[in-house]
Amino acid sequence: MSAIRAIVVDDQTVVRAGLVNLLATQEDIEVVGEGADGEDAVRLVREHRPDVALLDIRMPGMDGIRATRAILAEPANRTRILVLTTFGLDEYVYDALAAGAGGFLLKDATFPELVHAVRVVAAGKAVLAPDITRRLIDDVNRHRAARAPVPDATDLTSREAEVLVLIARGLSNSGIAQELTVTEHTVKTHINRLFTKLKVRDRAQAVIAAYELGFIRPREGAGPHGGGGADRRAAVPPFERR
């Protein structure tokens, strides 16, 4: 199999060099370019057409969010975006999700977590760092749970709604197929349809939609990290299962 082609863009030289050197140790990952800001990211994607672009979320000039929008707006773009952040969940992460980023990882992630995230995003799946996942759920519960379901939710069939809940619980396609006693092909069909109806790009956005639409409910009491938490049955694991 061909190696995953990646670019690394971060305005901090030491951080960027460290990421490049770490990824270069993997036989299945090839770093084809590196840059210091969003404009570099857009240029590198146009030049190299990488499978994955690792972008710092906050950079001078064009930041990671605007770069994500610009990259994903390119005709026939196939590059997936993995956002790196020091700050955990904030409005920038929501903006990047809306822009279509396929994953988020904190810069203090371990090397195995980083490599796994690159592979998962390259495969077209979504990945969220554990801390970001927890805060995402807490924030949705605190600020968004009271919102009524958007009209588009009524377009979902009962089976599509089931699939959405299982996505939010962190099940892979094969796991969903086993849960519903259907084929993986059928699961993929349901996922494609519900993504279209909800106007979401990937699993990361689907998880948010599941909470916003009330398909997953918070439970009262302290979560595993303190404060309000999500129902354990609906907990989202840090990484997409294979």
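Residues numbered from 1 in each chain as written. Predicted model: local features only at pLDDT ≥ 70, side-chain atom pairs only at ≥ 80, totals over all residues. Heavy atoms only, no water.

Asker: Honestly, the overall build of the protein chain in this entry has me stumped. Any pointers?
Answerer: Assigned secondary structure in the protein chain consists of 10 helices and eight strands. Relative to its full complement of 242 residues, the protein chain shows a buried share of 52%. Put simply, 69% of the contacts in the protein chain that link residues at least 6 apart link residues at least 24 apart. As displayed, the protein chain offers around 11,700 Å² of accessible surface, 50% of which is attributable to carbon and sulfur atoms. (Helix = DSSP H or I, 4+ residues; strand = E, 2+ residues; numbered from the N terminus. Buried < 20%, exposed > 50% of the residue type's maximum accessible area, 1.4 Å probe, protein only. Contact = heavy atoms within 4.5 Å. Areas by Shrake-Rupley, 256 points an atom, 1.4 Å probe, with all protein chains shown as cover.)

Asker: Would you explain the packing of helix α7 (residues 158–168) against helix α8 (residues 173–180) in this entry?
Answerer: Two quantities define a packed helix pair, namely the angle between the helix axes and the distance between the axes. Two numbers describe how α7 lies on α8: the axes approach to 10 Å, and their chain directions differ by 130 degrees. On the basis of their axis angle, the class for α7 and α8 is oblique. The handedness of the crossing between α7 and α8 comes out as right-handed. For the pair α7 and α8, the contacting residues are R159, E162, V163, L166 and I167 in the first and I176, E179 and L180 in the second. The class makeup of the residues in the contact of α7 with α8 is five nonpolar, no polar and three charged. (Axes fitted to C-alpha atoms, helices over the stretch in contact; angles between N-to-C directions. Parallel < 35°, antiparallel > 145°, perpendicular 65-115°, else oblique. Left-handed = near helix turned anticlockwise from the far one by under 90°. Nonpolar A, V, L, I, M, F, W, Y, C, P; charged D, E, K, R; others polar.)

Asker: Looking at this model, I keep getting lost on the environment of K107. Mind explaining?
Answerer: For K107, the position within the fold is in the loop between β5 (103–106) and α5 (111–122). In this structure the C-alpha to C-alpha distance between K107 and V83, which are 24 residues apart in sequence, comes to 9.6 Å. Non-local contacts of K107, meaning those with residues more than four positions away in its chain, are made with D10, Q12, V15, D56, L84, T85 and T86. A polar atom in the side chain of K107 sits 3.4 Å from the side chain of D56. (Polar contact = N/O pair within 3.5 Å; in protein donor to acceptor, adjacent residues only side chain to side chain.)

Asker: Sorry if this is basic, but what is going on with unusual backbone geometry here?
Answerer: When glycine is set aside, most residues are seen to have a negative phi, and most peptide bonds are trans. Unlike most non-glycine residues, R49 shows phi in positive territory, near 50 degrees. Within the element layout of this structure, R49 appears in the loop between α2 (38–48) and β3 (52–56). For K199, which is not a glycine, the phi torsion comes out positive at approximately 60 degrees. Along the polypeptide, K199 turns up in the loop between α9 (184–198) and α10 (203–212).

Asker: Please explain the nonpolar core as it appears in this structure.
Answerer: Generally speaking, soluble globular proteins have nonpolar side chains that are buried together. Core analysis: the biggest nonpolar cluster contains 25 residues, and I7, V9, L55, I71, I81, V83 and A96 have the highest contact counts within it. Elements represented by at least two residues in this core include exactly β1 (4–9), α2, β3, α3 (64–72), β4 (80–85), α4 (91–99) and α10. Excluding its chain neighbours within four sequence positions, the residues that come into contact with L55 are V9, A41, G64, A67, T68, I71, I81, L82, V83 and L84. V163, L164, F195 and A209 belong to the second largest nonpolar core, which has 20 residues in total. (Core = buried A, V, L, I, M, F, W, Y, C linked by side-chain atoms within 4.5 Å.)

Asker: Please clarify how the pairing of β1 should be interpreted in this entry.
Answerer: With five of six residues buried, β1 lies mostly within the body of the structure. Strand direction decides the pairing type here: β1 and strand β2 (residues 29–35), joined by six bridges, are parallel. Within β2, the position partnered with V9 by the bridge is G35. Remark: the β1/helix α1 (residues 13–23)/β2 crossover connection has right-handed handedness. (Pairing = 2+ DSSP bridges. Right-handed = clockwise from strand over helix to strand, strands pointing away.)

Asker: Help me out: how do you make sense of the environment of L194 in this one?
Answerer: Mapped onto the elements, L194 comes out in helix α9. Among the residues examined, L194 registers a relative accessible area of 0% and is labelled buried. Non-local contacts of L194, meaning those with residues more than four positions away in its chain, are made with L156, E160, V163 and L164.

Asker: Mind showing me how you'd approach the pattern of salt bridges here?
Answerer: Opposite charge on two side chains makes pairing possible when the charged atoms of those side chains draw close. Taken as a whole and assessed by the stated rule, the structure comprises nine salt bridges. In this structure, D56 and K107 form a salt bridge, with 3.4 Å as the shortest nitrogen-oxygen distance. Of this pair, D56 sits in strand β3 while K107 sits in the loop between β5 and α5, placing them 51 residues apart in sequence. Connected through salt bridges with shared partners, the residues D10, D56 and K107 form a single ionic network. (Salt bridge = Lys/Arg side-chain N within 4 Å of Asp/Glu carboxyl O.)

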